[in-house]
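So you can see what is in the structure, the chains are spelled out below.
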Amino acid sequence: MSERRMVVAIDGPAASGKSSTAQWVADRLRFLHVDSGALYRAATALALRELGAADTWDEIRVLELASDVTLVPGTTSFEPRLRGASAEDEIRGADVTKCVSRVAQMPAVRRWVNEQVRRAAVGHSVVVDGRDIGTVVFPDADLKIFLVADPWERARRRLTQRLGRRPADTEIAEETERLVQRDAKDATQTVQARDAVLLDTTYLTQAEQVERIVALARAVERGGSRGPSPAGDA
Ligand code: DC
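All figures in this text were calculated on a predicted structure; none of them were measured in a lab.

Colleague: Run through unusual backbone geometry, naming residues and quoting values.
Modeller: Positive phi values are uncommon outside glycine, yet Arg 30 reaches one of about 60 degrees. Tracing the sequence through the fold places Arg 30 in the loop between α1 (18–29) and β2 (32–35). Residue class for Arg 30 comes out exposed when judged on its relative accessible area of 76%. Here Arg 83, not a glycine, exhibits a phi torsion of approximately 50 degrees, which is positive. Locating Arg 83 in the fold gives a position in the loop between β4 (78–82) and β5 (85–86). Given the relative accessible area of 41%, Arg 83 is considered partly exposed.

Colleague: Summarise the sheet that holds strand β1 (residues 7–11); cite the residues concerned and give the values.
Modeller: Strand order in this open sheet of five strands is β2-β6-β1-β7-β8, and the pairing throughout is parallel. The open sheet is flanked by β2 and β8 (197–200), the only strands paired with a single partner. Averaged over neighbouring strand pairs, the angle between their axes works out to 20 degrees when direction is ignored. The pairing of strand β7 (residues 143–148) with β8 spans four bridges and is parallel. Bridge pairing in β8 places Ile 145 opposite Val 197. The strands that helix α2 (residues 36–50) touches are β2 and β6 (126–130); relative to β2, the one it contacts most, it runs at about 45 degrees.

Definitions and cut-offs
Residues numbered from 1 in each chain as written. Predicted model: local features only at pLDDT ≥ 70, side-chain atom pairs only at ≥ 80, totals over all residues. Heavy atoms only, no water. Helix = DSSP H or I, 4+ residues; strand = E, 2+ residues; numbered from the N terminus. Buried < 20%, exposed > 50% of the residue type's maximum accessible area, 1.4 Å probe, protein only. Pairing = 2+ DSSP bridges. Axes fitted to C-alpha atoms, helices over the stretch in contact; angles between N-to-C directions. Contact = heavy atoms within 4.5 Å.

Shown next, in the form of structure tokens:
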């Protein structure tokens, strides 16, 4: 068993399938999945519980609340716990989704998330998904993927999953509009690393995209590579 630990970074815009793809890739490689967005969501959920209207939130209070979030390793992934408890439904809920971009703009919160994610990678090979993993969090990741897909297709996939049926075109159009707005809010931090492999999944099934990433990761493993060297925030 090799001592070397690998980092696979998967970045891309909202609803590009990063988290589900990252989990599936991690399962195939027997690595642990770290969803960095879940940490922003966890901090946002606590802010929603404790602070008033989102437009009054300040970075110091949100950061204080974030110290109640722990990232706990499971058998296939790291899970954020809020004051020791799982809160998957809460962090994926509409209220958190509406306010999370605000929290993700806070530099101190970004530094806190990055530290949690880097700590998770100590002692584990990981597949980490987010927006800036290949650029800021692990600029030396062994493999960097940037996932993109046409906004209409991203909206269609997201709605199909949420509604459990085929969405109507009008529904897809509305969801596309929301996604494009979220893309704009998150644009500053959603950056493709120069050495990332760009994967357009518009015409790929999820199994196909997973296969491609697993094949790339195995090629890197065979070729040998540097371990990750976490960088400080710029
Ligand atoms: O991928 P997601 O929807 O769970 O991300 C939640 C929010 O966190 C979204 O506003 C983008 C932001 N985010 C970020 O800025 N940087 C990351 N590495 C991950 C997520």
